[in-house]
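What the coordinates show
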Amino acid sequence: MSLTVHQFPCLSDNYGFLVRDDATGTTATVDTPDADAILAELAKLGWKLDLILNTHWHPDHAGGNAAIQAATGATIIGPQEVTRIAPLDRPVGQGDTVMLGDTPLAVIDTGGHTLGHIAYHDARDHIAFVGDTLFALGCGRLFEGTAEQMWGSLSRLTALPDDTTVYCAHE
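All values reported here derive from a predicted model rather than from experimental measurement.

Criteria and cut-off values
Residues numbered from 1 in each chain as written. Predicted model: local features only at pLDDT ≥ 70, side-chain atom pairs only at ≥ 80, totals over all residues. Heavy atoms only, no water. Helix = DSSP H or I, 4+ residues; strand = E, 2+ residues; numbered from the N terminus. Rg over C-alpha atoms; globule rule 2.2 N^0.38 Å. Contact = heavy atoms within 4.5 Å. Areas by Shrake-Rupley, 256 points an atom, 1.4 Å probe, with all protein chains shown as cover. Lys, Arg positive; Asp, Glu negative; His and termini not counted. Charge placed at Lys NZ, Arg CZ, Asp CG, Glu CD. Pairing = 2+ DSSP bridges. Axes fitted to C-alpha atoms, helices over the stretch in contact; angles between N-to-C directions. Phe/Tyr/Trp six-rings, centres within 6.5 Å; stacked < 30°, edge-to-face > 60°. Buried < 20%, exposed > 50% of the residue type's maximum accessible area, 1.4 Å probe, protein only. Lys NZ or Arg CZ within 6 Å of the ring centre and 35° of its normal. Polar contact = N/O pair within 3.5 Å; in protein donor to acceptor, adjacent residues only side chain to side chain. Arc of directions from axis to C-beta.

It is worth spelling out the overall build of the chain at this point. A count of helices and strands for the chain gives four helices and 13 strands. At 14 Å, the chain has a C-alpha radius of gyration in line with the 16 Å of a compact globule built from 171 residues. Overall size of the chain, expressed as C-alpha extent along the three principal axes, is 40 × 35 × 30 Å. Counted over contacts in the chain with a minimum sequence separation of 6, partners at least 24 positions apart contribute 53%. When the accessible surface of the chain is split by element, carbon and sulfur atoms take 54% of a total near 7,300 Å². Separation between the mean location of the 8 positive side-chain charges and that of the 22 negative ones in the chain comes to 3 Å.

Next comes the structure, spelled out in structure tokens:
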């Protein structure tokens with residue numbers, strides 16, 4: 001496996017994810033629910049943060065962007081909607097690829113929870129970071145999108161290989 005995923009609890013009901021490309025040491029946080037918790041986990045692991053990968057604009061996913069970027073200098077990548085509440089260096093959407101060191105992460109449109117929600121998929125290691133599109137016990141609540149939009153997003157996720165490990169942000 002070329003990625004190491006470190007999962008830890010954040011806030012009262014979120015998970016934080018630090019993801020490290022084993023070949024290069026390049027490290028990302030998927031979303032920024034709690035800047036202090038993320039920075040503490042980075043220090044505990046001895047990892048340097050390079051990227052912030054946002055899935056959508058909600059405060060429990062992008063609210064720590066500014067503080068983490070100020071502390072680490074990390075580049076912030078995510079859907080354009082993130083700019084509603086937080087800084088963003090590189091907007092991405094369906095069909096884009098984000099390089100985490102030597103590991104390509106495909107960006108998948110998973111709108112429904114929010115209009116511009118995205119997921120990140122590592123096809124080589126069969127890993128997907130889906131934010132609030134999918135939970136252990138169901139799908140994310142529809143705040144902005146439609147049921148049809150969410151169905152399309154869930155259909156794109158079910159098209160991933162059956163052995164895909166899915167990391168969701170709650171539950």
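What follows covers the sheet that holds strand 6 (residues 90–91). Ordered in space as 1-2-3-4-5-6, the six strands form an open sheet in which the pairing is mixed. Since the sheet does not close on itself, it has two edges, and those belong to strand 1 (3–10) and strand 6, each with one partner. Both strand 1 and strand 2 (residues 14–21) contribute to a ladder of eight bridges, which runs antiparallel. Bridged to Pro 9 within strand 2 is Tyr 15. Seen against the sheet, helix 1 (residues 35–45) touches strand 1, strand 2 and strand 3 (27–30) and runs at an angle of roughly 135° to strand 1.

This part is about the packing of aromatic side chains. For the structure on display, the rule yields three aromatic pairs. With a centroid separation of 5.2 Å and an interplanar angle of 15°, the aromatic rings of Phe 129 and Tyr 167 are classed as stacked. Taken together, the residues Phe 129 in strand 10 (residues 127–131) and Tyr 167 in strand 13 (residues 165–168) connect sequence positions 38 residues apart. The exposure class assigned to Tyr 167 is buried, which follows from its relative accessible area of 16%. Taken together, the aromatic side chains of Phe 17, Phe 129 and Tyr 167 make up a single cluster linked through ring pairs. One Lys or Arg, Arg 84, reaches over the ring of Trp 57 and ends 3.9 Å from the middle of that ring.

Along the chain, Thr 26 turns up in the loop between strand 2 and strand 3. Looking at Thr 26, its side chain comes within polar contact range of the side chain of Thr 24, at 2.9 Å. Each residue touching Thr 26, except ones within four places of it in the same chain, is listed here: Val 19, Arg 20, Asp 21, Asp 50, Leu 100 and Gly 101.

What follows covers helix 1. Buried residues of helix 1: Ala 35, Ala 37, Ile 38, Glu 41 and Leu 42, and no others. Considered in projection along helix 1, the buried side chains sweep an arc of 170° and stay on one side of the axis. Turned more than 90 degrees away from the buried face of helix 1, the exposed residues are Asp 36, Ala 43 and Lys 44. Elements that come into contact with the buried residues of helix 1 comprise strand 1, strand 2, strand 3 and helix 3 (65–72). With a side-chain oxygen lying 3.2 Å from the backbone nitrogen of Asp 36, the N-terminal cap of helix 1 falls on Asp 34. Remark: Gly 46 follows helix 1 within two positions and exhibits a positive phi of approximately 75°.

The next point concerns unusual backbone geometry. At Asp 31, a position not held by glycine, the phi torsion is positive, near 70°. Within the secondary structure, Asp 31 is located in the loop between strand 3 and helix 1. Phi angles above zero are rare outside glycine, and His 126 is one such case at about 55°. In this fold, His 126 is placed in the loop between strand 9 (118–122) and strand 10.

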